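Chain by chain, the residues run as shown.
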Amino acid sequence: MNIDVLTLFPEMFAGVFGSSILGKAQEKGIVSLRAVNFREFAGNKHNTVDDYPYGGGGGMVLKPEPIFSAVEHVAGEGEKPRVILMCPQGETYTQRKAEELSKEQRLILICGHYEGYDERIREFLVTDEISIGDYVLTGGEIAAMAVIDSVVRLLPGVLGNERSAVTDSYSTGLLEYPQYTRPAEFRGWSVPDVLLSGHHENVTQWRRRQSLYRTWKRRPDLLAGVELTERERKWIEEWESDGNGKM
Ligand code: ADE
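Every chain's residues receive numbers from 1 upward, in the order its sequence appears when written. Selection of residues for local features in this predicted model requires a pLDDT of at least 70, selection of side-chain atom pairs for listing and counting requires 80 or more, and totals for whole chains, interfaces and linings are taken over all residues. Values reported for side chains reflect all heavy atoms of the structure, with hydrogen atoms and water molecules removed beforehand.

## Regarding the pairing of strand 1 (residues 2–7)
Here the term buried applies to any residue with accessible area under 20% of the maximum for its type, exposed to any over 50%, and partly exposed to those in between, with areas from a 1.4 Å probe on protein chains only. The way it works is that DSSP assigns letters per residue, a run of H or I at least four long becomes a helix, a run of E at least two long becomes a strand, and they are numbered from the N terminus. Buried residues dominate strand 1, accounting for five of its six residues. When DSSP finds at least two bridges between two strands, those strands are taken to pair. Sheet topology note: the strand 1/strand 2 (residues 32–37) ladder contains six bridges and is parallel. Paired with Thr-7 across the two strands is Asn-37, which belongs to strand 2. Pairing geometry for strand 1 and strand 6 (residues 106–111), over five bridges, is parallel. In the strand pairing of strand 6, Ile-3 is matched with Leu-107.

Following this line, the structure appears as structure tokens:
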């Protein structure tokens, strides 16, 4: 997979692209990550990438030429890649979207900084607009890092333990169950007996119940998208009738 980020601040990506799982994924040749300064595609004497808005008003607007030229340059001839605009007005990013994007061969992400975008970029260049949440960042860069990180970790061979991407929060539709490691007792707080029992089936059932409980408690909106057994529905009814949901 190839991911190109168009930004005025490519240096922001050096640490993220070079470290940890993303760094390793590139070393393994699974993904190629590039941060491209679209100022290089300004095509005018002063390398200007933004201008005043027609109709007046405050702020600056990113011009279309540098962005179109940069996308055409990184995309190569005849390709129709996914071109993703990072902006607070975009669709809210989810694990489902990460899974969808991880199936692509090439992604191009566009990051604005302070400025708005000329609407023709949205209309005639971009295929997706993504927001990482209902808050406003100073630029799309940090949002792009979140998207790239969540996509790359889904690529086959990136995570050592393939299962960890399957069972983590959101991939199952539920939040993850509580995890423990040694020591079995720490400052008087002990690990639940079932996890020390060696009884595999009981452990699986306990984890499923914990996942459900945590989701019901913290993110009940997620339960609508999950298939539940008769017994699981009963558990939830019990927590509900209990008021504060004691387990
Ligand atoms: N740029 C500024 N805020 C953003 C957000 N919440 N998501 C994506 N891009 C942004």
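## Describing the sheet that holds strand 7 (residues 116–117)
Ordered by their spatial adjacency, three strands build an open sheet running 3-4-7, and the pairing between neighbours is mixed. The sheet is open, and its two edges are formed by strand 3 (50–51) and strand 7, each paired on a single side. Where strand 3 lies against strand 4 (residues 61–62), two bridges are found, and the strand directions are antiparallel. If you follow Asp-50 over to strand 4, its bridge partner there is Leu-62.

## Side note on the site of the ligand
When we say a residue is near a molecule or strand, we mean one of its heavy atoms is within 4 Å of it. If you check the shell around the ligand, you find 13 residues, and the closest are Cys-87, Ile-132, Gly-133, Tyr-135 and Leu-137. Here a polar contact is recorded for every N or O atom pair within 3.5 Å, except that within protein the pair must consist of a potential hydrogen donor and a potential acceptor, and residues adjacent in sequence are included only if both atoms are side-chain atoms. Ile-132 is positioned such that a nitrogen or oxygen atom in its backbone is 3.0 Å from a nitrogen atom of the ligand. Take Tyr-135: an N or O atom from its main chain is 2.8 Å from a nitrogen atom of the ligand. Relative to its free-state accessible area of 260 Å², the ligand is covered by the protein chains to the extent of 96%. Taken together, the elements giving at least two residues each to the shell around the ligand come down to strand 5 (82–92) and strand 8 (128–131). Tallying contributions element by element places strand 5 first for the shell around the ligand, with three residues. Under this grouping Gly is polar, as are all residues other than the nonpolar Ala, Val, Leu, Ile, Met, Phe, Trp, Tyr, Cys and Pro and the charged Asp, Glu, Lys and Arg. Here the residues of the shell around the ligand sort into nine nonpolar, four polar and no charged. Note that accessible areas follow from Shrake-Rupley with a 1.4 Å probe, and for residues the cover is restricted to the protein chains shown.

## Re the sheet that holds strand 8
Pairing is parallel across the open sheet formed by five strands, whose spatial order is 2-1-6-5-8. Here the strands that pair on one side only, and so sit at the sheet edges, are strand 2 and strand 8. Averaged over all adjacent pairs, the angle separating strand axes in this sheet is 30 degrees, with direction ignored. By the bridge criterion, five bridges tie strand 5 to strand 8 in an arrangement that is parallel. In the strand pairing of strand 8, Leu-85 is matched with Glu-129. By the convention used here, residues are in contact when the closest approach between their heavy atoms is within 4.5 Å. Axis angles are defined between N-to-C directions and span 0 to 180 degrees, where every axis is a line fitted to C-alpha atoms and, for a helix, only to the segment in contact. Most of the contacts of helix 3 (residues 64–75) go to strand 6, to which it runs at about 160 degrees, and overall it touches strand 1, strand 2, strand 5 and strand 6.

## Let's talk about the packing of helix 9 (residues 200–218) against helix 10 (residues 230–241)
Two elements in contact, helix 9 and helix 10, have axes whose closest approach is 11 Å; the angle formed by their N-to-C orientations is 45 degrees. Viewed along their axes, helix 9 and helix 10 adopt a mutual orientation that is oblique. In terms of crossing hand, the pair formed by helix 9 and helix 10 is right-handed. Mapping the contact onto sequence places Gln-205, Arg-208, Arg-209, Leu-212, Tyr-213 and Trp-216 in helix 9 and Arg-231, Glu-232, Trp-235, Ile-236, Trp-239 and Glu-240 in helix 10. Grouping the constituent residues of the contact of helix 9 with helix 10 by class yields six nonpolar, one polar and five charged. Angular relationships are summarised with four words: roughly parallel below 35 degrees, roughly antiparallel beyond 145, roughly perpendicular across 65 to 115, and oblique for the angles in between. Here is the rule for handedness: rotate from the far helix to the near one, and if that takes an anticlockwise turn smaller than a right angle the crossing is left-handed, while a clockwise turn gives right-handed.

## Regarding unusual backbone geometry
One can expect most non-glycine residues to show negative phi and most peptide bonds to be in trans. That bond from Arg-182 to Pro-183 is cis: its omega, 5 degrees, falls within 30 degrees of zero. Its place among the elements puts Pro-183 in the loop between helix 7 (163–167) and strand 9 (185–186). For Ser-20, which is not a glycine, the phi torsion comes out positive at approximately 50 degrees. Tracing the sequence through the fold places Ser-20 in helix 2 (residues 20–27). With relative accessibility at 55%, the residue Ser-20 sits in the exposed group.

## Let's talk about the state of the cysteines
The disulfide definition used here is simple: a pair of cysteine sulfur atoms within 2.5 Å. Per the stated rule, a full pass over the model turns up zero disulfides. You can see Cys-87 has no disulfide; the closest cysteine sulfur is in Cys-111, sitting 11 Å from it.

No statement about biological role is implied by the geometric values presented.
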